[in-house]
Amino acid sequence: MTIWEKMQKVDRRILYAILVVCVCVGLFFPTTIPTDPDPSSKSFYAEVMKLEKGSTVIIQTDWTNSTRGESMGHFENLMRLMMHGDHKFVFYSAADPAAPQVARTVLARIVAERKGQGLREYKVGEDYIDLGFFPNAEATNTTMGSNLRSVWANRKSKTPTGGEVDVWQTPVLKDVKNIGDVDMMIVVTASASIDVAIQRLAQKVPITAMVTGVTGPGVLPFYQSGQVKGLAIGLKGVYDVEYMMVNGINDVEVEGKKVVEWDKVGKVDRVNEGTTFSRGRAYYGTLHVALVLLILAVVMGNVAMFASRRRKGDAV
Amino acid sequence: MFNWLQGEQYLDTAPVGIFVTLLVVVFILVNISRAKKGSEGLFIRRISGLNAIDDAIGRATEMGRPVLMVPGIGALDAISVQAVNIFAQVTKSAAQFSTPVRLCCGNAAVYAFAQEVIRDVYSQQGMGDRFTPETVQYISEQQFAFAAGVSGIIHREKVAATFLLGAFYAESLIFAETSNAIGAIQVAGSTQVTQTPFFIAACDYVLIGDEFYAASAYLTREPVLVGSLVGQDWAKILVASTVLFGTVFQSVELTGMTTEHRAGNAMVSVAESSNGERTEERKKKTDTMTNRLFNPFIPEELTKIEREKKETAPATEGEGE
Amino acid sequence: MNLMQYMLAQQAIEETFWRKAPGQGLILWVVIGLALGTGLCFLLSTVPTNLRKKVIFTFTFLAGLPYVLAFLWPRPISADFTNDVPRNTGEQIGFFINQAVEPVGTLTNILGGFLLGVGIFSLVRVHSIRIKRKQENWGYSLVLLSSFAIMTVVGFWDWRLRAFVDQTGALNVRDNWQPVNYAQDLLFEGIYQQMDSAMFSMIAFFILSAAYRAFRIRSVEATVMMASALILMLNLMGALTYAWGEGINNLVVQTGNPFLMNFKLNVFADWLRSTMQIPAIRAIDFGVGLGALAMGLRLWLGLEKGGVTA
């Protein structure tokens, strides 16, 4: 057996070992990598930053621990953007009973982080509401479109003083009568749950989304048709948003150069407080390493195939 | 006069949505009745993944190993029923060669359904005793616990062929690569468009998109199924011509000029918005008739209606303050 | 709080034609319901095979009817179906249909709950037989059954403590935890959640080996697929996209030809996505949607010859 034939039949465990080593090494060296964000990420950032200060936002969070590599970065960025804009938000899940708990943990961490940085502390029942889990996404989203008040009736929220209050009496939802009064709905998901939200609600409220790399292509048709206004996809989406939080869009840097240019919008501000670069920056280098490895594997596989074919051809 | 008929569903999709759905239903039913009268003339193109079923079972028979079937992790719906229908055909062939089958379910309702179907297949073949508790197994309702369980069965029983048909998500590649590692022949198909690339990369034969729904018609040539398939094709022609018509018509319309633009549910005149500098402008995407067909005006009075509350009803939450 | 109070707290307060709150006679109604259900199951199991299909068709048709009618009948606008008074006959019918949808959904959930029992029975039976006969790999079955038992006991005990015993919410603070709460935390957060993530992350390894094997230049189609995959992968690497883009920018300045901008990696990748990938996905989605509609229609109208009578 020649070396080329051996390479064609390389034991998959060797490939796996190389992947583990390369990926682990990358995690120890977070680096800021210059990039040109995807148009869909740019529109996501622009749409969220264009919201007026103190807007009301509905967040549907449908991810759990298994996809935390991507979705946790998305959710952290979203929380920072919400708190930066002083937006009031409600969050719930329509896909997985474990999802609200995962979101709660991240939210608590971001609140503590900002408190530590001397920024305003977000308070439950005043700035945000935790609605928990709703089984049956189809029914939930349909009723949200026709009668928001009935779908969240009888739900209670904690108050900053430790009591409980009906969600409709909180400052967050006091002025909301139906879904049209909400300024934006943002879906953070790792599954096809976003399809239902688009089908049932896209005509009534602007929807933007943060999805995993695998789910992304399935949502792109809705982004192209304008049913989803902005879309951050996968780890690249996490880094893109962080990169724009640091650099803004069409915002002139100190040296007089726009780092992120986009002719579809005017100037979109950068986020000038709190943490900006975070999980995306920590993982993005590793994504490069993994992709290089993947491309190398593809190239080597082909080279080996051609070489062994040629040798066989010579022998004949 | 027809105010009471203007419902929410009609506002959302415009009557066009309801009309098209009903038209598709008519297409399917008409063709089913046509096919019942005589389906000899109806042709279905070759689907190589389905031709491979007999090869796969033959191989399993030679090797003396079982055939594995997984109907995805979805609930009991049209997708999993279709998957189990295909598996019934596979089981029929396997039973003829006395090749054992393993059907693993990730949903209890699908399990109960599949158990009935597969048991019936064995009894119809006169081999009721070959149906054991291991033939149809329930593994777990949790996605990755299910993935781990099925991978374990693939490894331990060294299955010779795997059929992965149904609603698959992230676990698709775990099954496909595990089966590949032990050298099993794989026929796969997912209704989830995002998972199809993974199957294409790792499996021998892949059913793409609605080939999955065509499978039982292809395997059984049952008039009802073949007729329904023809009805679906008519519907596809309808969709394709709508796209074509829409593209052409919208493009032609966009070359025209307009004196007012649509902004949400209102019209704004060009003169007003440009402070009288211009009286007309090139049409925008939202100004065309084609666009309005699918995005009708919804006047305010149709979206907000005040109704009396029932006397016994508790005061609506949050209205009090 | 005892179990009775807990169940009363869970039941809905709004009454409709389809749903009555039994109030204080709850236990009696539960017993009647159970007796009726068991009787019905027994009756159905005695139905001869030729009638079975008719019974299944009748149930399927009736269960599907509210959903179909709810889609076709104009849905009353911004209505609260439980608390509002309909304004006219049209709305009355709309209210009636929409109120029916929920009980049918609840019925499905209840059936699902009972079927879960059937599933667990299968799981336990397959593995107990394996242990009893000391079949190959019976050790794994032992691990499965014992994990199953431990998780069930600890989970139930933890829930009982939190829902019924702990009235003040003291158990929400870790310092007040009892050993069983720690055990539940270890089993769920410490073991189960981590194993779940580990299974998911294994996909990365499988993608690598699948790519190594599958992306071979064997035919024209395979070459096109590999080239487009390569472009999309390169585009995910921000560093490369940026460097390439800067190079193109310089080239455009030097040559004065803006057409070159089309060869920026992200522009090209975006073109691939929006011109090739998205239309293809849309077309497949249309096919799948029509297939599902046809299948649903055949099932609902009892035209499907497959299933139980295959």
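No experiment lies behind these values; they were computed from the predicted model shown.

### Re the overall build of chain C
The number of helices and strands found in chain C is nine helices and zero strands. Each helix (α) and strand (β) of chain C, taken in turn from the N terminus, gives the series α-α-α-α-α-α-α-α-α. A compact globule built from 310 residues should have a C-alpha radius of gyration of about 19 Å, whereas chain C, at 30 Å, is more than 25% larger. For chain C, the spread of C-alpha atoms along the principal axes amounts to about 85 × 60 × 50 Å. Counting every position in chain C, which comprises 310 residues, the buried fraction comes to 30%. The long-range fraction of contacts in chain C, counting pairs at least 24 apart against all pairs at least 6 apart in sequence, stands at 43%. Just so you have it, chain C exposes about 18400 Å², and 72% of that area is on carbon and sulfur atoms. Once the 23 positive and 18 negative side-chain charges of chain C are each reduced to a mean point, those two points are 14 Å apart.

### Comments concerning the packing of aromatic side chains
In this structure the tally under the stated criterion is 29 aromatic pairs over all chains. Seen in terms of ring centroids, B:F168 and B:F199 are 5.5 Å apart; in terms of plane orientation they differ by 80 degrees. Their pairing is edge-to-face. You can see B:F168 sitting in the loop between β4 (161–167) and α6 (172–181) and its partner B:F199 sitting in helix α7 (residues 196–202), a full 31 residues away along the chain. Residue B:F168 shares its accessibility class with B:F199, and that shared class is buried. Clustering of aromatic rings is evident, with ring pairs tying together A:F89, A:F91, A:Y122 and A:Y128. The residue whose ring lies beneath B:R221 is B:Y218, and the NZ or CZ to ring-centre distance is 5.0 Å.

### Quick word on the interface of chain C and chain B
The extent of an interface is frequently quoted as the accessible surface area lost upon association of the parts. Facing 72 residues of chain C, the contacting portion of chain B comprises 79 residues. Surface buried jointly by chain C and chain B totals about 6600 Å² across both partners, of which 67% is contributed by carbon and sulfur atoms. The interface formed by chain C and chain B holds five salt bridges in total. Between C:E91 and B:R307 there is a salt bridge, with its nearest N and O atoms 2.8 Å apart. Joining chain C to chain B, the criterion identifies 10 residue pairs in polar contact (both at pLDDT 80 or more).

### Description of the side chain of C:D158
Inspection of the secondary structure puts C:D158 in helix α5 (residues 138–165). By relative accessible area, C:D158 is classed as buried at 7%.

### Structural notes on the pairing of strand β7 (residues 207–211) of chain A
Residues and elements named next belong to chain A. Burial of β7 is extensive: five of the five residues sit out of reach of the surface. Along β7, one buried face is formed by I207, A209 and V211 and the opposite face, lined by T208 and M210, is buried too. Of the crossover connections in this fold, the one passing from strand β6 (residues 184–189) over helix α8 (residues 193–201) to the parallel β7 is right-handed. As judged from the four bridges shared by β7 and strand β8 (residues 230–233), these two strands associate in the parallel manner. Looking at the pairing, V211 lines up with I233 of β8. A crossover connection joins β7 to the parallel β8 through helix α9 (residues 216–224); in handedness this β-α-β unit is right-handed.

### A few points about the domain arrangement of chain B
When the domains of chain B are assigned, the result is domain 1 (7–41 + 229–247), domain 2 (48–220) and domain 3 (256–294). The gap between the C-alpha centroids of domain 1 of chain B and domain 2 of chain B is 31 Å.

### Notes on the pattern of salt bridges
Under the counting rule described, the total for this entry stands at 32 salt bridges over all chains. Salt-bridge contacts for C:R273 lead to C:D270; the nearest nitrogen and oxygen are separated by 4.0 Å. Placement of the pair is C:R273 and C:D270 together in helix α9 (residues 265–300), with a separation of three residues, close to one helical turn. Each of the salt bridges in this network shares a partner with another, and the network as a whole consists of A:D251, A:K267, A:D269 and A:R270.

### Considering unusual backbone geometry
The phi dihedral of A:N250 is positive, around 55 degrees, even though this residue is not glycine. By the element assignment, A:N250 lies in the loop between α10 (234–247) and α11 (279–315). Unlike most non-glycine residues, B:K158 shows phi in positive territory, near 45 degrees. With a relative accessible area of 39%, B:K158 lands in the partly exposed category.

### As for the confidence of the model for chain B
On average, chain B scores 86 in pLDDT, and the residues at 70 or more come to 91%. Contacts of residues 313–321 of chain B to residues separated by more than four positions or lying in other chains number 17 contacts, the stretch itself having pLDDT below 50.

### Details of the sheet that holds strand β2 (residues 88–93) of chain A
Residue and element names in this part refer to chain A. Spatial ordering of the open sheet is given by β3-β2-β1-β6-β7-β8, a layout of six strands whose pairing is parallel. Edge positions in the open sheet fall to β3 (128–133) and β8, since each of these has one partner strand only. The mean inter-strand angle of the sheet, taken between neighbouring strand axes irrespective of direction, is 15 degrees. Alignment of strand β1 (residues 56–62) against β6, held across six bridges, turns out to be parallel. Residue pairing across strands places T61 opposite V188, the latter belonging to β6. α8 rests against β1, β6 and β7 of the sheet, and its axis sits at about 160 degrees to β6. Across the sheet, α10 is in contact with β7 and β8; its angle to β8 comes to roughly 115 degrees.

### As for the nonpolar core
In terms of nonpolar packing, the biggest core is built from 62 residues, with A:Y45, A:I59, A:L78, A:M79, A:F89 and A:I249 touching the most fellow members. Counting residues per element, this core draws most heavily on α11(A), at eight residues. Beyond its immediate chain neighbours, meaning those up to four positions away, A:I59 contacts A:F75, A:L78, A:M79, A:M82, A:F89, A:V90, A:F91, A:Y92, A:I186 and A:V188. Grouped together as the second largest cluster of nonpolar side chains are 56 residues, B:I79, B:L207, B:L225 and B:L229 included.

### Brief notes about the state of the cysteines
Inspection of the entire model under this criterion finds zero disulfides over all chains. There is no disulfide at A:C24, and the cysteine sulfur nearest it, in A:C22, is 9.3 Å away. As a non-bridged cysteine, B:C105 has B:C104 as the owner of its nearest cysteine sulfur, 7.4 Å distant. Residue classification places B:C105 among the buried residues on the basis of a relative accessible area of 0%.

The rules we used
Residues numbered from 1 in each chain as written. Chains lettered and ligands numbered in written order. Predicted model: local features only at pLDDT ≥ 70, side-chain atom pairs only at ≥ 80, totals over all residues. Heavy atoms only, no water. Helix = DSSP H or I, 4+ residues; strand = E, 2+ residues; numbered from the N terminus. Rg over C-alpha atoms; globule rule 2.2 N^0.38 Å. Buried < 20%, exposed > 50% of the residue type's maximum accessible area, 1.4 Å probe, protein only. Contact = heavy atoms within 4.5 Å. Areas by Shrake-Rupley, 256 points an atom, 1.4 Å probe, with all protein chains shown as cover. Lys, Arg positive; Asp, Glu negative; His and termini not counted. Charge placed at Lys NZ, Arg CZ, Asp CG, Glu CD. Phe/Tyr/Trp six-rings, centres within 6.5 Å; stacked < 30°, edge-to-face > 60°. Lys NZ or Arg CZ within 6 Å of the ring centre and 35° of its normal. Buried area = accessible area lost by both parts, 1.4 Å probe. Salt bridge = Lys/Arg side-chain N within 4 Å of Asp/Glu carboxyl O. Polar contact = N/O pair within 3.5 Å; in protein donor to acceptor, adjacent residues only side chain to side chain. Right-handed = clockwise from strand over helix to strand, strands pointing away. Pairing = 2+ DSSP bridges. Domains from an automatic or database assignment. pLDDT = per-residue confidence, 0-100. Axes fitted to C-alpha atoms, helices over the stretch in contact; angles between N-to-C directions. Core = buried A, V, L, I, M, F, W, Y, C linked by side-chain atoms within 4.5 Å. Disulfide = S-S within 2.5 Å.

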